[in-house]
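Listed here are the chains, written in short residue letters.
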Amino acid sequence: MTNDRLQQADEHITRLRNVCQSLQTQMNSVIIGQGEVIRLLITGMICGGHMLVIGVPGLAKTMMVKSLAELLGWDFRRIQFTPDLMPSDITGTEILQSDETGRRRDLMFHRGPVFANLILADEINRTPPKTQAALLEAMQELAVTINGKTYRLEPPFIVVATQNPIEQEGTYPLPEAQLDRFMFSIKIDYPSRTDEVAVAARPIRAKINGFEHVAKREEFVGFTPIIDEMPVSPHVLENAVALCASSRPKDASADDYVRRYVAWGAGPRATQHLVTAAKASALLDSRPTPEVSDLKRMAVPVLRHRIIANYNALGEGIESDAIVKHLIDNLKS
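Bear in mind the structure is a predicted one, so any value in this text is a computation, not a measurement.

Let's shift gears to the overall build of the protein. Scanning the protein for helices and strands turns up 15 helices and eleven strands. Over its C-alpha atoms the protein spans a radius of gyration of 21 Å, differing by no more than 12% from the 20 Å that the globule rule assigns to 333 residues. When the 333 residues of the protein are sorted by exposure, 48% land in the buried category. Contacts spanning at least 24 positions in sequence make up 76% of the contacts within the protein whose residues lie at least 6 apart. Carbon and sulfur atoms provide 51% of the accessible area of the protein, an area that totals close to 17500 Å². Charged side chains of the protein number 37 positive and 40 negative; the gap between the two group centres comes to 2 Å.

See the structure below:
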């Protein structure tokens, strides 16, 4: 690589870090006590990954996503998932329209809310599988097909889906194969007492003002290749594979704990997402290549929705988070 290309690459990396730092600083100024969640959202966005956010009502999930869209100047759509929502309500539909003379009528495609850059799929588990599948197909293919015609989605295209963990009646849980499409599963917990006092001091109808756009949409699209091109040492790759493989009960590296409590472990896509997330984590910390510590930091949000606990675990109150932490603690790096 020539000196000019090296300098250009260094400038792009510096710009990416500055944009991410500005995003985090401005969001932390309005979202209190959720710094790590904000960092994960930003990490997922620069990786071009879709994210599932799980938390009880009132923890600013919607505000976080709307703030990101406003800071980036992206086209944002919020889709409230309900039991009567149809696939065409998301993707769009063809409508018979007449021309100006009224003599000729043609089918015209009217785009649905999925044609945006950042989608908030609110309570995705409240809609039937057919509608969930329409969104998940768009996430995977970056396109929708209506009556045999394919319509491309303009990048960037990122879906942040939310779920409410305390209400399960009248819901349609996402199948494991569909959960695997999400890069991260992010759990939002209650704020600390100090942070909640700060939240309580704010007026309930307070408006967010003063956001400064940090990057154009076209510029942000160019950030993802930077992550893809980051070098990764064979040692880190071996550890990523070892971590995911050890979650599979039938793998030779699985220990007695995994064999006792895990029904299904993480697949190869999880390994890819883990390495990509570790790259982004290293870059945000101003390091040129990821370390094993980055794998460990990203392991829980990448793996928690991909490891299926069995009946033994459910009976003893052991969740997937505890299993992932066990894998991290026992990783021989």
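What follows deals with the packing of aromatic side chains. Under the definition given, this model contains five aromatic pairs. Cluster of aromatic residues (ring-pair linked, three or more members): W74, F220 and F223.

All right, on to the sheet that holds strand β8 (residues 158-163) then. Taken in spatial order, the five strands line up as β2-β5-β8-β1-β9 in an open sheet, and their pairing is parallel. The open sheet has two edge strands, β2 (76-80) and β9 (184-187), and neither has a second partner. Pairwise comparison of adjacent strand axes, ignoring direction, gives a mean angle of 20 degrees for this sheet.

The rules behind the values
Residues numbered from 1 in each chain as written. Predicted model: local features only at pLDDT ≥ 70, side-chain atom pairs only at ≥ 80, totals over all residues. Heavy atoms only, no water. Helix = DSSP H or I, 4+ residues; strand = E, 2+ residues; numbered from the N terminus. Rg over C-alpha atoms; globule rule 2.2 N^0.38 Å. Buried < 20%, exposed > 50% of the residue type's maximum accessible area, 1.4 Å probe, protein only. Contact = heavy atoms within 4.5 Å. Areas by Shrake-Rupley, 256 points an atom, 1.4 Å probe, with all protein chains shown as cover. Lys, Arg positive; Asp, Glu negative; His and termini not counted. Charge placed at Lys NZ, Arg CZ, Asp CG, Glu CD. Phe/Tyr/Trp six-rings, centres within 6.5 Å; stacked < 30°, edge-to-face > 60°. Pairing = 2+ DSSP bridges. Axes fitted to C-alpha atoms, helices over the stretch in contact; angles between N-to-C directions.

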